[in-house]
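A closer look at the structure
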Amino acid sequence: TNSARQATSQTDENLTSENVRVVEHTLGKALVPINPQRILVLTGGLDTVLALGIMPVGSVQGQQVNYLKSRLEGISSVGSPASPNLESIADLNPDLILGTKLYNENNYKLLSQIAPTVLAEVDTTSDWQKMLNKYAEALGKTDRAKQIIADYDARIESFQSQMGDRLQQTEVSILRVRQDRVEIYLEDSFPGTVVMDAGLPRPPSQTNTEQTFDIEIGKESLHLADGD
């Protein structure tokens, strides 16, 4: 598109060895500005970027970011996670695009023509620390990422101390209740990793399953969701 070509031309003019650095990622290398000012984030990384203290100019938005509604003002929507609008992305003239290989590999070449693009290699939300660290590297926020993880580890340690002997005796289920079904989040989901890091056991029916992210159950299987 004309917008994409214009953005690419502007980016090429602004990139010099003094104001960019090389960031390696799952599909190659990107020449990223030392202090990017117009960040665009794709797929599930909006909360990660906000946690790093960055307000992006644009993001894909959907139901999964409802919990961030109070923080979305000023962030332009560029479509859905599954199908971001490349024209809208180019119109925002970003100087850095962040995404994941899982969702954005097919558009990587086009995205790279708009702005330097860094894709994290994450398969599920269980890889949240991997995404955090890669985005932090691209944004020059590695110290902030280390602090976030340190704070998380400290909260885990405090929780385990408070639980004491109850920790290993408390089986936990994590449910998502929809109008027509119930889903149980398993070990490879984001909440599943938090429960695992905390040292809380899961009911036997929720471990060593064929599925590792979630399973869907009906009324006849509600016993599988049982926990303490």
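It should be noted that the structure appears before, not after, this text.
**What to know about the overall build of the chain**
Each helix and strand counted, the chain has 8 helices and 10 strands in total. With the C-alpha coordinates aligned to their principal axes, the bounding extent of the chain is approximately 60 × 40 × 35 Å. With 228 residues in all, the chain has 40% of them scored as buried. Nonlocal contacts in the chain, meaning residues at least 24 apart in sequence, comprise 55% of its contacts between residues at least 6 apart. Total accessible area on the chain stands at roughly 12900 Å², and carbon and sulfur atoms take up 47% of it.

**Some details on the environment of S80**
Along the chain, S80 falls in the loop between strand 5 (76-77) and helix 3 (86-91). When its relative accessible area of 30% is taken as the criterion, S80 is described as partly exposed. Setting aside chain neighbours within four positions, we find S80 in contact with V60 and Q61. In this structure the side chain of S80 is engaged in a polar contact, spanning 2.9 Å, whose partner is the side chain of S83.

**Some thoughts on the sheet that holds strand 10 (residues 214-217)**
Spatial strand order, 8-9-10: 3 strands in an open sheet with antiparallel pairing. Edge strands, defined here as strands with exactly one partner in the open sheet, are strand 8 (175-177) and strand 10. Geometrically, the sheet is characterised by an average inter-axis angle of 25° between neighbouring strands, direction not taken into account. One ladder, built from 4 bridges, connects strand 9 (residues 182-185) with strand 10; its direction is antiparallel. Counted as the bridge partner of E183 is E216 from strand 10.

**What about helix 8 (residues 190-198)?**
Side chains of residues three or four places apart in an α-helix project in the same direction, reflecting 3.6 residues per turn. For helix 8, the complete set of buried residues consists of G192, T193, V195 and A198. Here the buried face of helix 8 lies against helix 6 (128-139) and helix 7 (142-163). Two or three places before G192, at the opening of helix 8, S189 has a side-chain oxygen 3.0 Å from that residue's backbone nitrogen. Positive phi appears at G199, one or two residues downstream of helix 8, with a value of about 85°.

**Quick notes on the side chain of T193**
You can see T193 is positioned in helix 8. Among the polar contacts made by the side chain of T193, one reaches the main-chain carbonyl oxygen of F190 at a distance of 2.7 Å. Beyond its immediate sequence surroundings of up to four residues, T193 is in contact with S126, W128, Y152 and E187.

**Describing the packing of helix 7 against helix 8**
In the contact formed by helix 7 and helix 8, the axes pass within 9 Å of each other and the chain directions differ by 55°. Between helix 7 and helix 8, the angle is such that the two are oblique. Every residue of helix 8 that contacts helix 7 at Y152, I156, F159 and Q160 is listed here: T193, V194, D197 and A198. Classifying every residue of the contact of helix 7 with helix 8 by side-chain character gives 5 nonpolar, 2 polar and 1 charged.

Thresholds, definitions, all that
Residues numbered from 1 in each chain as written. Predicted model: local features only at pLDDT ≥ 70, side-chain atom pairs only at ≥ 80, totals over all residues. Heavy atoms only, no water. Helix = DSSP H or I, 4+ residues; strand = E, 2+ residues; numbered from the N terminus. Buried < 20%, exposed > 50% of the residue type's maximum accessible area, 1.4 Å probe, protein only. Contact = heavy atoms within 4.5 Å. Areas by Shrake-Rupley, 256 points an atom, 1.4 Å probe, with all protein chains shown as cover. Polar contact = N/O pair within 3.5 Å; in protein donor to acceptor, adjacent residues only side chain to side chain. Pairing = 2+ DSSP bridges. Axes fitted to C-alpha atoms, helices over the stretch in contact; angles between N-to-C directions. Parallel < 35°, antiparallel > 145°, perpendicular 65-115°, else oblique. Nonpolar A, V, L, I, M, F, W, Y, C, P; charged D, E, K, R; others polar.

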